[in-house]
Amino acid sequence: MSDSLLYLSRDDVRALAISPDEAREAVLQGFRDHAAGLDRSIPKTALMLGPGHGFQAMTAASSARQIATVKWVAMAPVAAGSALPAVSALICLNDYATGMPRAILDGDEITLIRTAAITAAAASRLAPAAPRTIGFVGCGLQAHAHLAAFRALYPDLTTALAMSRSRASAERLAETARGAGLTAQVLDDADALLAQSDIVISMVPGGPGMTPFLDARRLKPIAFAAAVDTGRSWLPETLPAFDILATDSLEQSRAPYDAAGNPVTTVSFGHDMAELAAAPHPTAPTSRSFFCFRGVALADLALAHLVVEKARKQGLGTSLPR
């Protein structure tokens, strides 16, 4: 077997055109494998230097896919409107049996795809059966990835609502939604967005001075909310308004996190995706449900495997000597 490394750049990953449906199914299968004992991962290790500033390592191994991966993530606060990313990542993929490194992948594009896929996978198990309106709180790159993922999951969506600290980013997301055939509106009132949405995705960056402002009591009685921001934008005292709370991995976290990065004390998670991947929750689609997650390594492994296999079949990437 060759000792060379396959390097896949951001453009290589984009050229593969991973569809939201195949990404969502890859993530769900990863959770099913985990429930069957075929995947192993450990909670992410983090070196936090300040609000929104730190470094993380996310490690997983899969006997089903015969690979192991580690994702190295760097986070740094950025000013509104900055061209610099708040998060940067690389993924290293090794052979499961021999331990030999086989590929290095740009992690930013994969993280975009896998994060939206996790949220969509959770929605397929928890959200109302026929949502019509989706609201985005925070309108950066992840919002665009989530818009694509939820358009694929719910083709009958009719309306997108956008709210962001940057009016320009909210307008860009609204324009993208209109291009996808949705009616779109930019809002400045969080309560109005919550009251009108069947699905809410919060993606508020952390940073100095960030304070929670989303009130769960303002949601519809039947609604699904996903906190890609780990819950920091939600008022902790209002979280008991949710009937069902779930996360990606109960091994990793037992409660949402507040703006200071500490677990809240008002609620705890009752379900995770290893359980929910098998079947939808029996009552969540007619309730108020909350999915909050920090990101789990086995989802990165699932997407890395999908990306590498497609790249090899299509002859994409660069072979690097060791």
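Summarised in this report is the structure supplied together with it. Not measured: the values here are computed from a predicted model.

**Notes on the pattern of salt bridges**
Here's step 1: Within this structure, the stated rule accounts for 18 salt bridges.
Here's step 2: Salt-bridge contacts for Asp198 lead to Lys220; the nearest nitrogen and oxygen are separated by 2.9 Å. Of this pair, Asp198 sits in the loop between helix H6 (190-196) and strand S11 (199-202) while Lys220 sits in the loop between S11 and strand S12 (223-227), and the two are 22 residues apart along the sequence.
Here's step 3: Residue classification places Asp198 among the buried positions, given a relative accessible area of 12%.
Here's step 4: Given the relative accessible area of 25%, Lys220 is considered partly exposed.
Here's step 5: Each of Asp191, Asp215, Arg217 and Arg218 takes part in a single network of salt bridges with overlapping partners.

**Considerations on the sheet that holds strand S14 (residues 271-272)**
Here's step 1: Read across the open sheet, the eight strands follow the order S10-S9-S8-S11-S12-S15-S13-S14; overall the sheet is parallel. Strands at the two margins of the open sheet, each flanked by one partner only, are strand S10 (183-186) and S14.
Here's step 2: As defined by bridge partners, strand S9 (residues 159-163) adjoins S10 across four bridges and the pair is classed as parallel. Bridging across to S10, Ala160 finds its partner in Ala184.
Here's step 3: Its contacts with the sheet put helix H3 (residues 107-126) on S11, S12, strand S13 (244-247) and strand S15 (288-292), and the angle it makes with S12 is roughly 155 degrees.

Cut-off values and rules
- Residues numbered from 1 in each chain as written.
- Predicted model: local features only at pLDDT ≥ 70, side-chain atom pairs only at ≥ 80, totals over all residues.
- Heavy atoms only, no water.
- Salt bridge = Lys/Arg side-chain N within 4 Å of Asp/Glu carboxyl O.
- Helix = DSSP H or I, 4+ residues; strand = E, 2+ residues; numbered from the N terminus.
- Buried < 20%, exposed > 50% of the residue type's maximum accessible area, 1.4 Å probe, protein only.
- Pairing = 2+ DSSP bridges.
- Contact = heavy atoms within 4.5 Å.
- Axes fitted to C-alpha atoms, helices over the stretch in contact; angles between N-to-C directions.

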